[in-house]
Amino acid sequence: MYTTELKDKNSKAAPAALAAEDPERLAAFEARVASDDFIEPKDWMPEAYRKTLTRQISQHAHSEIVGMLPEGNWISRAPSLRRKAVLLAKVQDEGGHGLYLYAAAETLGTSRDEMIAALHSGRAKYSTIFNYPTLTWADIGAIGWLVDGAAIMNQVPLQRTSYGPYARAMVRICKEESFHQRQGYEIMMTMAGGSAAQKRMAQDALDRWWWPSLMMFGPPDDNSPNSAQSIRWRIKRETNDELRQKFVDVTVPQADAIGLTVPDPALKWNEARGSYDFGEIDWEEFYAVVRGEGPVAKERMMARVKAWEDGAWVREAALAHEAKRSARMAAE
Amino acid sequence: MLFHHAVRLGDDALILAQRLSEWCGHAPMLEIDLALANIALDLFGQATLFLGLAGEIEGQGRDADALAFRRDVLDFRNCLLVEQPNGDFAQTIARQFLFSNWQELLMRQIAAAAEPRLSEIGAKAVKEITYHARYASEWVVRLGDGTEESRARMIAGLDWMWRFTDELFDAETGAPSLRAEWDARIAHTLAEANMDMPKPRRGVLGGRAGHHSEHLGHLLTEMQFLPRAYPGAVW
Amino acid sequence: MNREWPLWEVFVRAKNGLSHKHVGSVHAAGARMAVEAARDTYTRRMEGVSLWVVPSAAITASDPGEAEALFAPAQDKVYRHPTFYTIPDKVKNI
């Protein structure tokens, strides 16, 4: 998930620190959060809350920005004017979402430059899914359908997350997401019902993007130590496994509807549970990608670092010009 | 001929939009990424309308996609300016500055013209292009009157693009009547940026006759690959 | 030297008759750029007729710690609230 807790390289578990803070304020804070009230920027908050939220929100923002790259890869080759415009609008939306989220994170005391430096140095993480390559046009369909689908599942409940600026950013984001998933599914549907070559591309894309999409929901619940605290603080509403199961249950029928096969031989409807049983995820792959060893992790970082470094002179010029302008106005 | 006129207008917008969308995910600042994508989206919209109209006028069953994805270089009628590579941000801004200021004046003319379908599209486009021209002009000033480095790059960018400006005012396929007003706008912004007008030089022509720069072939190769590789497919 | 573009808070009035609402922030080197960035970011779906941008540094916020001192007295002044007054039902329009 864009918001799955992916531990930063340097973060150490510090549960004891929470208790050391002012117990009265802490109790008041916990009560507020428990009553579905919102915490706003200047309110007192435990350091752990501030840190966790800064990390989660900025990670979410980084994911949106890095997420522009796998889809951006196909804008120049989109096969029709309509597909091209819709894809460009989607990628632009993602940039905008990153912007809303960076803005929300800044209210917690960090700065855009600090967050970007953390991303570029590898200290900050972003969603694992964007470390996979987009090989055919069908991948664009798969990403919209599966990746945005998974993201939406997480984002809708976050509209009532405890931190005000984050919740408001999520409301904006959710409103704009509606066409993202539909766009992707429509592409898959068109291809699955198209020529033999298109069908092959569509199935191939589903084969490659299915398991990484399931991994987006993060490690299994028994390996997610901070889940309870995140749920108490309303940073998370359901557990990783719960959301993952929901995603499978919703998505398998969507694949069936367009004649595509989910690449999981163990996938089976379980009447007793009212849910699909599905196969084991390759957790070694997941943790490797989290460590930074995803197939195109290097390419993604290189692109972001290059854009930032190549653009330094532009940012400096804008500041220099503004300074000159102000000086001239002051002199008048 | 009306068909060719609509094609020229559509191709200008299409090729420039294609170029601008190459910046997506790579701009100097997130805010700039959004702005360039906005401009590209406006231009894709204009391209779709103008090329769609061209197809209607031609009456041979070609729609905007058929025109965009199945013609080869000799049949593209965009000006050479829009197919120039992005280069650095200053080169991109130079291209946008010179083009949008011209396109705004042109589209005002078209919005007031006799042909109703053309003028309807033109009227909508004017509002969008006014913003493009202002955006680009402001950046010319920021870069031209920013740091030493930005100034050098801005001068280089304009220097690269200047040889393609005569084509915009070509007697037959351009808009010669717009030259004086365009010159004045360009001069005004450059003065604000403390920059000199680029030196006059021989104009490079040919785009309107299908004789493009070496860049267009590569651009079309990328843009048209899927429809050409899978001719019957619907996407 | 890598200085950052300053932060600006953005307020949008979606429709005439409504107030400007705070929607978020943008980074920009100056006011003109801030307005354009705000327009590109927060009004992409035509959600606005008017935009204000204010340097974040120019905003003075009340201290939540002072909330009691600043805002609690209003809770005592119940005569400010229409429900304090009993008006017979048969009297309309009041």
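Because the structure is predicted, anything quoted here is derived from the model rather than measured. (Residues numbered from 1 in each chain as written. Chains lettered and ligands numbered in written order. Predicted model: local features only at pLDDT ≥ 70, side-chain atom pairs only at ≥ 80, totals over all residues. Heavy atoms only, no water.)

Each side of the interface is counted separately: chain C has 11 residues, and chain B has 12 residues. When the buried area of chain C at its contact with chain B is split by residue, C:W5, C:E36 and C:D40 rank highest and sum to 44% of it. Seen at the junction of chain C and chain B, the total is 1 salt bridge. Across the pair B:E138 and C:R32 runs a salt bridge whose closest N-O atoms are separated by 3.0 Å. Where chain C touches chain B, the interface holds 3 residue pairs in polar contact (both at pLDDT 80 or more). Elements that contribute at least two residues to the side of chain C that touches chain B include exactly strand 2 (21-27) and helix 1 (31-42) of chain C. Per-element accounting of the side of chain C that touches chain B gives the leading share, 7 residues, to helix 1 of chain C. Looking at side-chain class alone, the side of chain C that touches chain B contains 4 nonpolar, 2 polar and 5 charged residues. (Contact = heavy atoms within 4.5 Å. Buried area = accessible area lost by both parts, 1.4 Å probe. Salt bridge = Lys/Arg side-chain N within 4 Å of Asp/Glu carboxyl O. Polar contact = N/O pair within 3.5 Å; in protein donor to acceptor, adjacent residues only side chain to side chain. Helix = DSSP H or I, 4+ residues; strand = E, 2+ residues; numbered from the N terminus. Nonpolar A, V, L, I, M, F, W, Y, C, P; charged D, E, K, R; others polar.)

So, on to helix 1 (residues 2-21) of chain B. Between its terminal C-alpha atoms helix 1 of chain B stretches 29 Å, which fits the 28 Å expected from 20 residues at 1.5 Å a residue. Most of helix 1 of chain B is tucked away: 17 of the 20 residues are buried. (Expected span 1.5 Å × (residues − 1). Buried < 20%, exposed > 50% of the residue type's maximum accessible area, 1.4 Å probe, protein only.)

Let us now look at the packing of helix 2 (residues 30-58) of chain B against helix 6 (residues 116-144) of chain B. Residue and element names in this part refer to chain B. Where helix 2 contacts helix 6, the two axes come as close as 11 Å, and the packing angle between them is 155°. When the axes of helix 2 and helix 6 are compared, the pair comes out roughly antiparallel. The crossing of helix 2 and helix 6 is left-handed. Contact residues: helix 2 offers I32, A35, L36, I39, D42, L43, Q46, L49, F50, L53, E56 and I57, while helix 6 offers R117, L118, I121, G122, K124, A125, E128, I129, H132, Y135 and W139. (Axes fitted to C-alpha atoms, helices over the stretch in contact; angles between N-to-C directions. Parallel < 35°, antiparallel > 145°, perpendicular 65-115°, else oblique. Left-handed = near helix turned anticlockwise from the far one by under 90°.)

This part takes up the side chain of C:D40. With respect to the element layout, C:D40 can be found in helix 1. A distance of 2.7 Å separates polar atoms of two side chains, one belonging to C:D40 and the other to B:N38. Ignoring anything within four residues of it in the chain, the contact list for C:D40 reads B:L34, B:A35, B:N38 and B:Y131.

Mean pLDDT over chain B: 97, with 100% of residues reaching 70 or higher. This prediction of the complex comes with two scores: 0.92 for pTM and 0.97 for ipTM. (pLDDT = per-residue confidence, 0-100.)

A word on the nonpolar core. With 186 residues, the main nonpolar core has A:W137, A:W210, B:I32, B:F89 and B:W139 as its most contacted residues. The leading source of residues in this core is helix 2 of chain B, at 16 residues. In this structure, B:I32 is in contact with A:V314, B:A27, B:F89, B:Y135, B:W139 and C:W5, ignoring residues within four places of it in sequence. (Core = buried A, V, L, I, M, F, W, Y, C linked by side-chain atoms within 4.5 Å.)

This paragraph deals with the packing of aromatic side chains. Residues and elements named next belong to chain A. Using the criterion set out here, one finds 20 aromatic pairs over all chains in the structure. For the pair F29 and W44, a centre-to-centre distance of 6.2 Å together with 80° between the ring planes defines the contact as edge-to-face. Within this pair, whereas F29 is found in helix 2 (residues 23-34), its partner W44 is found in the loop between helix 2 and helix 3 (47-66), the two being separated by 15 residues in sequence. Assessed through its relative accessible area of 3%, F29 is described here as buried. With centroids separated by 5.4 Å and ring planes inclined at 50°, the aromatic side chains of F217 and F247 adopt a geometry described as tilted. A residue pair is termed long-range when its members are at least 10 positions apart, and F217 in the loop between helix 9 (196-215) and helix 10 (227-232) and F247 in helix 11 (residues 240-257) qualify at 30 residues. By the burial criterion, F217 is buried, and F247 matches it. (Phe/Tyr/Trp six-rings, centres within 6.5 Å; stacked < 30°, edge-to-face > 60°.)

Residues and elements named next belong to chain C. Taken across its 7 residues, strand 1 (residues 7-13) has 5 buried, putting it largely inside the fold. Sheet topology note: the strand 1/strand 3 (residues 50-55) ladder contains 6 bridges and is antiparallel. Residue pairing across strands places V12 opposite L51, the latter belonging to strand 3. (Pairing = 2+ DSSP bridges.)

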